[in-house]
Amino acid sequence: KSNPLVQDLVVAGEKITTAHNNLLKSKRIPADAVSWYTNRMQFKDETLENITSVINRNFHAIFVIADKETGKRRLTVTFNNDSISTMTELICLTLNLKSQTKNDSILLSDNKVIAKEN
């Protein structure tokens, strides 16, 4: 027999558990919901600026784009459970960019820009 009080307490996204004869309500985030969102990212004809913004937000990475023209380059790509280094490599190979790690940031720039600095 269902308890009408419990039905009134629980709403979508919440769960009820019992402990020592007490009902405990908490938020329920399905394990696959967060991992699906952060592990699979798909971009279609998106600017590098927007792609790196999403990666920075979801992975707590710090991608920095060297100049506005590089940030305007467009890319269609799907990342599926890829590491930051793999994503960086795919972006660089596809857009003919170089990456440098400086102060925990990943600087993305045209091959020519970094070649002049070295």
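Residues numbered from 1 in each chain as written. Predicted model: local features only at pLDDT ≥ 70, side-chain atom pairs only at ≥ 80, totals over all residues. Heavy atoms only, no water.

## Re the overall build of the chain
If you tally the helices and strands in the chain, you get 6 helices and 7 strands. Counted from the first residue to the last, the chain has its helices and strands arranged as α-β-β-α-β-α-β-α-β-α-β-β-α. Among the 118 residues that make up the chain, the fraction classed as buried is 28%. Nonlocal contacts in the chain, meaning residues at least 24 apart in sequence, comprise 44% of its contacts between residues at least 6 apart. Summed over all atoms, the accessible surface of the chain reaches about 8,500 Å², with 50% contributed by carbon and sulfur. (Helix = DSSP H or I, 4+ residues; strand = E, 2+ residues; numbered from the N terminus. Buried < 20%, exposed > 50% of the residue type's maximum accessible area, 1.4 Å probe, protein only. Contact = heavy atoms within 4.5 Å. Areas by Shrake-Rupley, 256 points an atom, 1.4 Å probe, with all protein chains shown as cover.)

## Details of the pattern of salt bridges
Pairing is possible between side chains that carry opposite charge, provided their charged atoms lie close to one another. What the rule picks out here adds up to 2 salt bridges. Here Asp110 makes a salt bridge to Arg73, at a shortest N to O gap of 2.6 Å. Of the two residues, Asp110 sits in strand S7 (residues 105-110) while Arg73 sits in the loop between helix H4 (68-71) and strand S5 (74-80), which places them 37 residues apart along the sequence. On the basis of relative accessible area, Arg73 is assigned to the partly exposed category, the value being 25%. (Salt bridge = Lys/Arg side-chain N within 4 Å of Asp/Glu carboxyl O.)

## Let's talk about the sheet that holds S7
Through backbone hydrogen bonds, the strands of a sheet pair up, either in parallel or in antiparallel fashion. Taken in spatial order, the 3 strands line up as S4-S7-S6 in an open sheet, and their pairing is mixed. Single-partner strands in this sheet number two, and they are strand S4 (63-65) and strand S6 (97-102). Neighbour-to-neighbour, the strand axes of this sheet turn through a mean angle of 30°, independent of strand direction. Across 6 bridges, S6 lies against S7 in antiparallel orientation. Looking across to S7, one finds that Gln100 is bridged to Leu107. The sheet strands contacting helix H3 (residues 48-59) are S4, S6 and S7, and the helix crosses S4 at an angle near 160°. Of the strands in this sheet, S4, S6 and S7 are in contact with helix H5 (residues 84-95), which crosses S6 at around 145°. (Pairing = 2+ DSSP bridges. Axes fitted to C-alpha atoms, helices over the stretch in contact; angles between N-to-C directions.)

## Structural notes on the packing of aromatic side chains
Centre distance and the angle of the planes are the two values used to describe a pair of aromatic rings. Taken as a whole and assessed by the stated rule, the structure comprises 1 aromatic pair. Aromatic side chains Phe43 and Phe79 sit 6.3 Å apart centroid to centroid with 70° between the ring planes, which places their arrangement in the edge-to-face category. Linking Phe43 in strand S3 (residues 40-47) with Phe79 in strand S5, this pair joins segments that are 36 residues apart in sequence. Its relative accessible area of 1% is what places Phe79 among the buried residues. (Phe/Tyr/Trp six-rings, centres within 6.5 Å; stacked < 30°, edge-to-face > 60°.)

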